[in-house]
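Commentary on secondary and tertiary structure
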Amino acid sequence: MPCAYEMKEAVGKNHDVTVINDNDYFQFVPSNPWAAVGWRDRDSITFPIEKYLSKKKINFVHARADKIDAENNKIELNNGDTVEYDYLVIATGPRLAFEEVEGSGPEGHTVSICTIDHAEKAWAQYQKILDNPGPIVIGAMPFASCFGPAYEFAFIVDADLRKRKVRDKFPMTFVTSEPYIGHLGLGGVGDSKSMLESELRNHHIKWVTNAKTTKVEAGKLFVDELNETGETKQQHEIDFNMAMMLPAFKGADAVAAVPDLCNPRGFVIVDEHHRNPTYKNIYSAGVCIAIAPVEPTPVPTGTPKTGYMIESMVTSIVHNIEAELDGKEPHQTATWNAICLADMGDTGAAFVALPQIPPRNVAWFKKGKWVHLAKIAFEKYFIRKMKKGTSEPLYERYILKMLGIEKLP
């Protein structure tokens, strides 16, 4: 959505901008942890796409892209139609690879907060266990690359149970493929390890790191805990009444199927200008692009792509396509910085990693109620701006205002 708005503003009425999406609604994904405990509902964090894109003269096609014919610049849709393009921006996000762990996922024995549909199923499951207290497991599977929401959900569930005065009836365990608490797929940020360990202890949440979840059965998570060399240190069978485990990410099927476009896990290969080296008129941004892990870990972990970072990718792409339309070479590169607000139910944590991959010029991690309030405010701000059709860099503008500085270091 931000890419479409920014692109249309850049290229004007002489060029058509078209968005293709399997859903006919936009969802503010960072709010899904709240939806999973009933603090938000679908109507508060979604809105219809076409209504708002049309106001900016942007075309919308409500269909699933089943095949990309990159040689002939065509996209085949599941309704039988074909869309031709001069330039293609792939911003699909990930395919959630629940099949990589037997018994996992909303069709298995674990819930998810990756989509609003999944969050609603999690909320239904959560309501059931409120009447049937027992253990709760929260965490991330091998090859997961977005750990922040798992921490958020653990602390949000803890806060909600405390508000209901039933926290003492629900033992909680955090099970993660990270090599240590606070790794976050980033090799840690500032004091994230000790701070998050302290928070988990203070909230009576046990943890298992280097956790290779191997399968899930009804009420039981099977985990191999590895040592630093990747050997099995201990095997766990962890009981649960509810388990929210973030899955591994892979590339969307239609994208992964294009020859020479992606890496083996289906993520789009891009150069410093976010252009694919094989297909020069295909650009890509967000979770669906290939970024090497920050460091080797005993259990595979991916590198997260946060909102501020993705926003800079989008701006880079828009400027580079605009340059190509003017007969120039792409020149714009993205800012590889990570800035994140993580809600913790009644407080929150914020981290800044500049650049995202170490060594860094800035590594900053702070906790406070102000982060909780800032994230609530940002949700309303972002949704309002998306409906308005702004092409402003929303994450950058909001966070700079929140931190009280004119520009990032």
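Data block above holds the structure.
Okay, so let's go over this structure. Please read these numbers as outputs of a predicted model, since none were measured by experiment. (Residues numbered from 1 in each chain as written. Predicted model: local features only at pLDDT ≥ 70, side-chain atom pairs only at ≥ 80, totals over all residues. Heavy atoms only, no water.)

1. Section: the packing of aromatic side chains
The full count for this structure, using the stated rule, is ten aromatic pairs. A ring pair is formed by phenylalanine 26 and phenylalanine 47, whose centres lie 5.0 Å apart and whose planes are at 25°; its orientation type is stacked. Of the two residues, phenylalanine 26 sits in strand S2 (residues 25-27) while phenylalanine 47 sits in strand S3 (residues 46-48), which places them 21 residues apart along the sequence. In this pair, the class of phenylalanine 26 matches that of phenylalanine 47, namely buried. Each residue in the set Phe26, Phe28, Phe47, Tyr52, Phe378, Tyr381 and Phe382 is aromatic and connected to the rest through ring pairs, giving one cluster. The side chain of arginine 42 reaches across the aromatic face of tyrosine 25, ending 5.3 Å from its centre. The side chain of lysine 215 reaches across the aromatic face of phenylalanine 222, ending 4.7 Å from its centre. (Phe/Tyr/Trp six-rings, centres within 6.5 Å; stacked < 30°, edge-to-face > 60°. Helix = DSSP H or I, 4+ residues; strand = E, 2+ residues; numbered from the N terminus. Buried < 20%, exposed > 50% of the residue type's maximum accessible area, 1.4 Å probe, protein only. Lys NZ or Arg CZ within 6 Å of the ring centre and 35° of its normal.)

2. Here we look at the layout of surface pockets
Each pocket or cavity is described by its volume, and for the second largest pocket that value is around 270 Å³. Classifying every residue of the lining of the second largest pocket by side-chain character gives ten nonpolar, six polar and three charged. (1 Å grid on protein atoms, 1.4 Å probe; cavity = no way out; pocket = protein on both sides within 12 Å on 5 of 7 lines; lining within 4 Å. Points joined across faces, edges and corners; volume = space filled by probe spheres on them. Nonpolar A, V, L, I, M, F, W, Y, C, P; charged D, E, K, R; others polar.)

3. A few points about the sheet that holds strand S7 (residues 82-84)
Judged by pairing direction, the sheet is antiparallel, and its three strands sit side by side in the order S5-S6-S7 without closing on themselves. Both outer strands of the open sheet, strand S5 (65-69) and S7, are each paired with one neighbouring strand and no more. In this sheet, neighbouring strand axes are inclined to one another by 20° on average, regardless of whether the strands run parallel or antiparallel. As judged from the three bridges shared by strand S6 (residues 74-77) and S7, these two strands associate in the antiparallel manner. (Pairing = 2+ DSSP bridges. Axes fitted to C-alpha atoms, helices over the stretch in contact; angles between N-to-C directions.)

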